[in-house]
Amino acid sequence: MDEKTIFEKIIAGEVAAEVLLENEVAIIIRDINPQAPIHVLIIPKKKISRVGEATSEDGNLLGELLLVAKDFANANNLPSFRLVINSGRQAGETVPHLHIHLLSGRPMAWPPG
Ligand code: AMP
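From a predicted model like this one, the values you see are computed outputs, not experimental measurements. (Residues numbered from 1 in each chain as written. Predicted model: local features only at pLDDT ≥ 70, side-chain atom pairs only at ≥ 80, totals over all residues. Heavy atoms only, no water.)

**Some details on the overall build of the protein chain**
Reasoning step 1: The helix and strand tally for the protein chain stands at 2 helices and 5 strands.
Reasoning step 2: For the protein chain, the sequential pattern of α-helices and β-strands runs α-β-β-β-α-β-β.
Reasoning step 3: Taken over C-alpha atoms, the radius of gyration comes to 14 Å for the protein chain, in line with the 13 Å a tight globule of 113 residues would show.
Reasoning step 4: The dimensions of the protein chain, computed from C-alpha atoms along their principal axes, are 40 × 30 × 25 Å.
Reasoning step 5: Within the protein chain, buried positions represent 35% of all 113 residues.
Reasoning step 6: Taking as baseline every contact in the protein chain between residues at least 6 positions apart, the subset at least 24 positions apart corresponds to 53%. (Helix = DSSP H or I, 4+ residues; strand = E, 2+ residues; numbered from the N terminus. Rg over C-alpha atoms; globule rule 2.2 N^0.38 Å. Buried < 20%, exposed > 50% of the residue type's maximum accessible area, 1.4 Å probe, protein only. Contact = heavy atoms within 4.5 Å.)

So, in C-alpha cells, the structure goes:
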C-alpha cells in the first residue's frame, strides 16, 4: 500500500492543520503556503490521486467538491474566486491526493503561470 500523503494524515487527525470545514465528503484547510489573501484547499476524504485518475464512479464526488467550494465562497462573501486543480507533476501537483485550490482576495492574471 502507498504511504499516506500529508492530506490523508490531516484527514486522520495525525497532522495538525487549520481545518475550516469538515463534512462527510471533504475537508477544507488553509493552505500552508498561501498564494493569495485567501487560499484554501478542498480535499475529498476519499483518496483519489489526481483528476487524471478519477473514474466515472467519482462523478458525484467531483461535483460535490465544486459545490463545497461554492458554498465556502458564498459563506465567506467572496464574489470572485479562482479554483485550480493541478493534475500531474508538470501541471504543478506536489501532493498526490486530489484537491481543489480556492484562491481569492486579489486580482488574478490570465494565463496562469
Ligand atoms: P499542489 O501543488 O496542487 O499539489 O498543491 C498542494 C498544496 O498543498 C500546496 O499549495 C501546499 O502549499 C499545500 N500544503 C502542503 N502541505 C500542507 C499542509 N501541511 N497544510 C496545508 N497545506 C499544505
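Next, the rest of the story.
**Describing helix 2 (residues 59-75)**
Reasoning step 1: With 17 residues, helix 2 should cover 24 Å at 1.5 Å per step; its first-to-last C-alpha distance of 25 Å lies within 8% of that length.
Reasoning step 2: Those residues of helix 2 that sit buried are L61, L65, V68, A69, F72 and A73. Buried residues of helix 2 fall within an arc of 135° about the axis and therefore sit on the same side. Relative to its buried face, helix 2 has exposed residues pointing more than 90 degrees away, namely N60 and A75.
Reasoning step 3: Looking at the buried residues of helix 2, the elements they touch are strand 1 (19-22), strand 2 (26-30), strand 3 (38-44), strand 4 (82-84) and strand 5 (100-104).
Reasoning step 4: A positive backbone phi angle near 55° is found at N77, which sits one or two residues after helix 2. (Expected span 1.5 Å × (residues − 1). Arc of directions from axis to C-beta.)

**Comments concerning unusual backbone geometry**
Reasoning step 1: Of note, the bond from W110 into P111 is cis; its omega dihedral lies within 30 degrees of zero at 5°.
Reasoning step 2: One can find P111 in the segment after strand 5.
Reasoning step 3: One non-glycine residue with positive phi stands out, namely N77, at about 55°.
Reasoning step 4: Within the fold, N77 resides in the loop between helix 2 and strand 4.
Reasoning step 5: N77 sits in the exposed class, given a relative accessible area of 66%.

**Examining a nonpolar patch on the surface**
Reasoning step 1: Together, L66, F81 and L83 line one region of the surface with nonpolar side chains, adding up to about 230 Å² of accessible area.
Reasoning step 2: With a relative accessible area of 32%, F81 lands in the partly exposed category. (Patch = residues over 30% accessible without salt bridge, like charges linked within 9 Å, V, L, I, M, F, W, Y side chains within 5 Å. Areas by Shrake-Rupley, 256 points an atom, 1.4 Å probe, with all protein chains shown as cover. Salt bridge = Lys/Arg side-chain N within 4 Å of Asp/Glu carboxyl O.)

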